[in-house]
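# Working through the structure, step by step
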Amino acid sequence: MTSPRALRRLLALGAAACALSAAAQPAAPADTPAAYRLGPADRVQVKVAETELDLDARLSSGGTLAVPLLGDVPAAGLTAAELAAEIERRLEADYLARATVTVEVLEIQSKTVSVLGAVAKPGSYGVPGGWTLLQAIGAAGGLATDRGNTVRVVRHADNGLTDQITLSLDELVEQAA
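Rules and cut-offs
Residues numbered from 1 in each chain as written. Predicted model: local features only at pLDDT ≥ 70, side-chain atom pairs only at ≥ 80, totals over all residues. Heavy atoms only, no water. Helix = DSSP H or I, 4+ residues; strand = E, 2+ residues; numbered from the N terminus. Buried < 20%, exposed > 50% of the residue type's maximum accessible area, 1.4 Å probe, protein only. Contact = heavy atoms within 4.5 Å. Areas by Shrake-Rupley, 256 points an atom, 1.4 Å probe, with all protein chains shown as cover. Pairing = 2+ DSSP bridges. Axes fitted to C-alpha atoms, helices over the stretch in contact; angles between N-to-C directions. Expected span 1.5 Å × (residues − 1). Lys, Arg positive; Asp, Glu negative; His and termini not counted. Salt bridge = Lys/Arg side-chain N within 4 Å of Asp/Glu carboxyl O. pLDDT = per-residue confidence, 0-100.

Right, let's get into the overall build of the chain. Check the secondary structure of the chain and you find four helices and nine strands. Each helix and strand of the chain, placed in order from N terminus to C terminus, yields the pattern α-β-β-β-β-α-β-β-β-α-β-β-α. Considering the chain as a whole, with its 177 residues, one finds that 37% of them fall into the buried category. In the chain, the proportion of contacts linking residues at least 24 apart, taken out of those at least 6 apart, comes to 47%. Working note: accessible area of the chain is about 9,800 Å², and carbon and sulfur atoms make up 53% of it.

The sheet built from three strands is open, its strands ordered β2-β1-β5 with antiparallel pairing. Strands with a single pairing partner mark the edges of an open sheet, and in this sheet they are β2 (55–58) and β5 (101–107). For this sheet, the mean inter-axis angle between neighbouring strands, taken without regard to orientation, is 25 degrees. In the sheet, strand β1 (residues 43–48) pairs with β2 via four bridges, with the strands oriented antiparallel.

This part covers the environment of alanine 157. Its location among the elements puts alanine 157 in the loop between β8 (150–156) and β9 (162–168). Distance in space between the C-alpha atoms of alanine 157 and threonine 112 is 8.7 Å, their sequence separation being 45 residues.

The terminal C-alpha atoms of helix α2 (residues 80–94), which comprises 15 residues, lie 22 Å apart, in line with the 21 Å expected from a rise of 1.5 Å per residue. Of the residues making up α2, those classed as buried are Ala80, Leu83, Ala84, Glu86, Ile87, Glu88 and Leu91. Contacts made by the buried residues of α2 are with β1, β3 (64–67), β4 (71–74) and β5.

A word on the side chain of glutamate 88. Structurally, glutamate 88 can be placed in helix α2. Buried charged residue glutamate 88 carries no salt bridge. Nearest counter-charge: arginine 98, at 4.8 Å. Among residues more than four places away in sequence, those in contact with glutamate 88 are Ala99, Thr100 and Val101.

Turning our eyes to something else, we now look at the confidence of the model for the chain. Mean pLDDT for the chain: 79, with 77% of residues reaching 70 or above. Mean pLDDT across the elements of the chain ranges from a minimum in helix α1 (residues 4–23), with 41, to a maximum in β4, with 98. In this model, residues 1–29 is a region of pLDDT below 50 whose contacts with residues beyond four sequence positions or in other chains number 36 contacts.

Take the environment of valine 105 next. Mapped onto the secondary structure, valine 105 falls in strand β5. For valine 105, a relative accessible area of 7% corresponds to the buried category. Measuring from C-alpha to C-alpha, the distance between valine 105 and alanine 34 comes to 9.6 Å, with 71 residues separating the pair along the chain.

Backbone geometry places alanine 41, a non-glycine residue, at a positive phi of 75 degrees. Positionally, alanine 41 belongs in the loop between α1 and β1. The phi torsion at leucine 69 lies on the positive side, around 75 degrees, for a residue other than glycine. Checked against the element boundaries, leucine 69 lands in the loop between β3 and β4. Among the residues examined, leucine 69 registers a relative accessible area of 48% and is labelled partly exposed.

As structure tokens, this is what we get:
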């Protein structure tokens, strides 16, 4: 049987996770760190000042971005600022005397965290940077009402390996207090 103290902590944890669920959605432009490195399937918006070359597109599975006039530009592994500089360089080399390019990350799909177990909506979620466990639980809709006693977090690394952590809710509540 759960003690009253543990039950209060569990309820507080569930409330915190639910409060985070609205905020922990896939990355919006303001949430994306400047150091974020683009990956396959990420969506970006490219604006070229004083032209009609603006673009809203996803990187290909190979990590390239199809840019009008330029064709496929390697983008995976670059920050938004680095991609903007590369597009500027290519445009100025062949098409424009002076190009001013901005790149904004609209959606992150290449970095994911899978949350399984005692959450309302298990699944994989796009992550702009390092998330805390509470943010991952929040993105998964908070703790499930008909939950078991286990939370499992699976992270997919850039090199294709996965990292898996399984926690007991009782231990999680104790550590969060």
